[in-house]
Amino acid sequence: IWKYRFLYRDLNDLLSKNRMLEKRFQELLTRKVRAVRLLLAGMSRSGAVDIDTREVEPTANCMVVVFTYWLSFEYVRDPRHALEPDHAQKALLRGARHVLNLLAPYLEPGQRQHLLQLSGAYGLGD
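Just so it is clear, the structure is predicted and the values come from calculations on it, not from any experiment. All chains use their own residue numbering, which begins from 1 and follows the written sequence. Confidence filtering applies because this is a predicted model: local features only for residues at pLDDT of at least 70, side-chain atom pairs given and counted only at 80 or more, and all residues used for totals across whole chains, interfaces and linings. Excluded from the side-chain calculation are hydrogens and water; included are all heavy atoms of the structure.

Details of helix α5 (residues 88-101)
Comment: elements are numbered from the N terminus, with helices defined as DSSP H or I runs of at least four residues and strands as E runs of at least two. The length a helix should cover is 1.5 Å for every residue beyond the first. An ideal rise of 1.5 Å per residue puts 20 Å on 14 residues; α5 measures up with 20 Å between its terminal C-alpha atoms. A simple rule labels every residue: compare its accessible area, found with a 1.4 Å probe on the protein chains alone, to the largest value its type can have, and call it buried under 20%, exposed over 50%, or partly exposed in between. Buried residues of α5: A88, A91, R94, G95 and V99, and no others. Each buried residue of α5 lies within a common arc of 140° when the element is viewed along its axis, so the set occupies one face. Whether two residues are in contact is decided by their heavy atoms: any pair within 4.5 Å suffices. Contact partners of the buried residues in α5: α4 (53-77). Taken from the helix axis, the directions to the C-beta atoms give the arc we talk about.

Some points on the nonpolar core
Only buried residues count toward a nonpolar core. Its members are Ala, Val, Leu, Ile, Met, Phe, Trp, Tyr and Cys residues joined through side-chain atoms within 4.5 Å. Counting 15 residues, the largest nonpolar core has V36, L40, V49, I51, A60 and M63 as the members making the most contacts within it. Counting only elements with at least two residues in this core, the list comes to α3 (19-46) and α4. Of all the elements, α4 adds the most residues to this core, at four residues. Those residues within four positions of V36 in sequence are excluded, and the remaining contacts are A60, M63, V64 and F67.

Some points on the pattern of salt bridges
Salt bridge, as used here: a side-chain nitrogen of Lys or Arg that lies within 4 Å of a carboxyl oxygen of Asp or Glu. The tally for this structure, following the rule as stated, stands at five salt bridges. Put simply, D13 and K17 hold a salt bridge, and the shortest N to O gap is 3.1 Å. Here the residue D13 and the residue K17 both occupy positions in helix α2 (residues 11-17), the gap between them amounting to four residues, near one helical turn. Overall, D13 belongs to the partly exposed group, its relative accessible area being 38%. Salt-bridge contacts for E74 lead to R94; the nearest nitrogen and oxygen are separated by 2.7 Å. On the criterion of sequence distance, the pair formed by E74 in helix α4 and R94 in helix α5 is long-range, its members being 20 residues apart. Across the pair, R94 and E74 agree in class, each one buried.

Some details on the environment of G47
Looking at where G47 falls in the secondary structure, it is placed in the loop between α3 and α4. Looking at G47, the relative accessible area reads 53%, which means it is exposed. Taking C-alpha positions, G47 is 9.6 Å from L107, a pair spaced 60 residues apart along the chain.

See below:
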């Protein structure tokens, strides 16, 4: 996503002007949701998360929304600096933290605590 951040800066405008890009981006989102849905289902089957099958689809969608549009959010919060290379690592780590936190309700307490420790260790606070 960082490599193609220019796309995300004006995505709505780009998609409204380019039908081929619009279709390709829709396909990309479909593949992302499918991959996350399969990941969550696999994690559920293995016991890594306790998620009802009815919650897999909306959780997968939320995760895709956050990691797809995180850089746009970062840009709106700090348009002069957010997408500069020296801010890239922190911006991407914050996005990763928020995606992973969407799993927190489905983790047992020890796993949830481990997730919070990892977030702290990587300096992923807002």
